[in-house]
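Structural characterization, general
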Amino acid sequence: MLELYNTVTRQQQPFKPADGKTARVYSCGPTVYDFPHIGNLRTFVLSDILCRYLAYKGWEVRHVMNITDVDDKTISGALTQGVSLSEYTQQYTEYFFDDLETLNIQRAWEYPRATDHIEQMQVLVQTLLDKGHAYEVEGNMYFDISSFPDYGKLSGIQPEELGNRDYSRLNDEYNREEAGDFVLWKAAKPGEPSWDSPWGPGRPGWHIECSVMSMEYLGPTLDIHTGAVDLIFPHHENEIAQSEAATSQQFVRFWLHGEHLIVEGEKMSKSLGNFYTLRDLLEEGYSSQAIRHQLLTAHYRQQLNFTVEGLEQSERAMQRLNTFIERLPKLPLPEGRSEEAAERIEEAQAKFEQVMDDDLNVPGALGVVFELIKQVNTLHDGGELHDQDRTVMLDFLVQADSVLGLMTEQLEAARSDSQADAEIDALVAEREQAREKRDFPRADEIRDQLAAEGIILEDTPAGTIWRRK
Ligand code: AMP
Ligand code: ZN
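Below: a short report on this structure. (Residues numbered from 1 in each chain as written. Chains lettered and ligands numbered in written order. Predicted model: local features only at pLDDT ≥ 70, side-chain atom pairs only at ≥ 80, totals over all residues. Heavy atoms only, no water.)

Relative to the 18 Å expected for 13 residues at 1.5 Å per residue, helix H6 (residues 206-218) spans 19 Å between its end C-alpha atoms, a close match to the ideal helical length. With 10 of 13 residues buried, H6 is to be regarded as a mostly interior element. One or two positions beyond H6, positive phi appears at Gly-219, with a value near 90°. (Helix = DSSP H or I, 4+ residues; strand = E, 2+ residues; numbered from the N terminus. Expected span 1.5 Å × (residues − 1). Buried < 20%, exposed > 50% of the residue type's maximum accessible area, 1.4 Å probe, protein only.)

In structure tokens:
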């Protein structure tokens, strides 16, 4: 049974969708003001693995990831470039989708944009106002954290500590007088994009965006909400406060937080010069396959130290994997199956599920796949690999890859290779029958057709064999 570590209970707990059928998953998505960096991508790969594994377990998955296309960074980026906010965010949204594709991250069910949901955000703010959880100061709407006794349950923060903060060090995310009260709606500032509201022109705060977009698409209670650890406070704490105060229902059953990626042992930052986007790495000649592999080498609750050495190891690991997958369909193997191979593959499959069930232990799952490849190679060297074992092995890899997403292209190529082989076998058999019936025109036609595809036939006393030119 799948178990996940839940940040709010601080425990690993058995997971099932609340309705037993459909897993409702929400992930905080990108702020589209720049290219995603590899830390962001690590977190997006985590939600990808999670959703792939939920599907592997047989549940339907409804995954929603928002696009934050209005906030301080997008607004100032658009102003600097002298283009409209939507023009500015559109280009970075496209780059984000390009990166998902490059890293073989499966598409979510929906990618709602904040600017398409302003009205619903106003409705939620109004509800909080009506229920006595929000108040207005000069066109800014704030959440009154003292009205929500559960405030702090996710992050462990004590609301009293927040009240003592020095406002001069906080930005306009908080109320100047009540430093713990965070903003729901910001009054318009000159030169910034704004929307009309019952409280005057303004724009939404960041936290309200995620409460609205998650509940709009998935209902008041989500099965799983993901993000990286930096979002636990204040973002996710505030999402809980807004959502639960409005609906009086549990907002999220499981909170999953991924640890950060660091580079060569240091926090990634532009000023340290250790800041990487996917493009940077591809330009340096690394493969997207190796980059995805490297992002999977640490358990998601551990920091991942991204290094050039690690990336090179990933390149070599992927090379081994690709060579194995490319060769397997072409190996001349005896017919039938071997007990030994069947057993090894079955064990690997059970182990794969066991480690993935244990809070998504992806490094463990990678270990299982590579260990099995080694065992299969050994069996082959000892003449103990048969053609039916090959089929079972390929099926296992396809299943494992539905979760890992590391060798999808290679497996498709292998599959079409073996499909092509099966078609050739069928034509060769048809030609033999034609010859037996002395239908030489048809037999010659088949020989010519195969020759045109680069297949050479050799008629031996034991039958016809074929090989590629
Ligand atoms: P942003 O585009 O800044 O809104 O961030 C998108 C996602 O990336 C969020 O879940 C962040 O918490 C996460 N994130 C930011 N920095 C890192 C990092 N160094 N490692 C892993 N995830 C990160
Ligand atoms: Zn969010």
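Turning our eyes to something else, we now look at the pattern of salt bridges. Side-chain pairs of opposite charge can arise where the charged atoms are in close proximity. Across all of its chains, the model carries 29 salt bridges by this definition. Where Lys-189 meets Asp-172, a salt bridge forms, and the shortest distance between an N and an O atom there is 2.5 Å. Placement of Lys-189 in the loop between strand E7 (183-187) and strand E8 (202-204) and of Asp-172 in the loop between helix H5 (159-163) and E7 is noted, with a sequence separation of 17 residues between them. Among the residues examined, Asp-172 registers a relative accessible area of 24% and is labelled partly exposed. Several salt bridges share partner residues, and in doing so they unite Asp-72, Asp-172, Glu-173, Lys-186, Lys-189, Glu-192 and Arg-203 into one network. (Salt bridge = Lys/Arg side-chain N within 4 Å of Asp/Glu carboxyl O.)

Before going further, it helps to spend a moment on the sheet that holds strand E10 (residues 252-258). Across the sheet, 4 strands lie side by side as E4-E3-E9-E10; this open sheet has parallel pairing. Each of the sheet's edge strands pairs with one partner strand only, and the pair in question is strand E4 (60-65) and E10. Averaged over all adjacent pairs, the angle separating strand axes in this sheet is 20°, with direction ignored. Inspection of the sheet shows strand E9 (residues 222-228) paired to E10 by 6 bridges, in the parallel sense. (Pairing = 2+ DSSP bridges. Axes fitted to C-alpha atoms, helices over the stretch in contact; angles between N-to-C directions.)

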